[in-house]
Amino acid sequence: MKFKKFVKSLGADGVLYVRNNGDRWLSSGSIFMKVPEGIRTVTACDSADMPSMIEDIINYDTFSQPCELVEAIMPVADGVIKDCVRIFATENGIDKTAIANDGYILIERGDMVEMYVTDKISALVIKRPVDLVDEEVVGVILRTEY
């Protein structure tokens, strides 16, 4: 995910969340991005412990629902690109989730996108390869309503 672009879009309005393991994540409400290890300071309006719901998504170790972009919708007829909603679906099309354009523009070409779905929450989980066999979660984008 494009962390620097995310920081610029937030200005000082983001919230810095700290996980139990010390990892820092910056959030804009529906988007959570891991602060890369090389970045020492981040400007935010507040700092807090990571919400348990997001912690559960990050720690979930059996993601098995790779997904891809299947549709883009303009909910407002005369809207601009920032109003665009992107629909992601799993291969079998059983699970779908929608994200706002703000989250979509942060997904990079090499990122792996997987879906996290329960009866309470739906989110895209963005992973980046660490080495030949491992990957790490670098972003969580919560579902948007449209």
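Data block above holds the structure.
Rules behind the numbers
- Residues numbered from 1 in each chain as written.
- Predicted model: local features only at pLDDT ≥ 70, side-chain atom pairs only at ≥ 80, totals over all residues.
- Heavy atoms only, no water.
- Buried < 20%, exposed > 50% of the residue type's maximum accessible area, 1.4 Å probe, protein only.
- Helix = DSSP H or I, 4+ residues; strand = E, 2+ residues; numbered from the N terminus.
- Arc of directions from axis to C-beta.
- Contact = heavy atoms within 4.5 Å.
- Pairing = 2+ DSSP bridges.
- Axes fitted to C-alpha atoms, helices over the stretch in contact; angles between N-to-C directions.

Asker: So what's going on with helix 1 (residues 3-10)? Which residues, and what values?
Answerer: Listed as buried for helix 1 are Phe3, Phe6 and Leu10. Buried residues of helix 1 fall within an arc of 60° about the axis and therefore sit on the same side. Within helix 1, the exposed residues directed more than 90 degrees away from the buried face are Lys4, Lys8 and Ser9. Elements in contact with the buried residues of helix 1: strand 2 (24-27) and strand 3 (31-34). A positive phi of about 65° marks Gly11, the residue just after helix 1.

Asker: Hey, could you go over the sheet that holds strand 7 (residues 96-100) for me, with residue numbers and the actual values?
Answerer: Here three strands make up an open sheet; going across it, the order is 5-6-7 and the pairing antiparallel. A single partner strand is all that each edge strand has here, and the edge strands are strand 5 (67-73) and strand 7. Ignoring which end each strand starts from, the neighbouring axes of this sheet average 30° apart. For strand 5 and strand 6 (residues 85-90), the ladder comprises six bridges, and the chain directions are antiparallel. Each residue of the ladder has a partner; that of Ile73, found in strand 6, is Val85.

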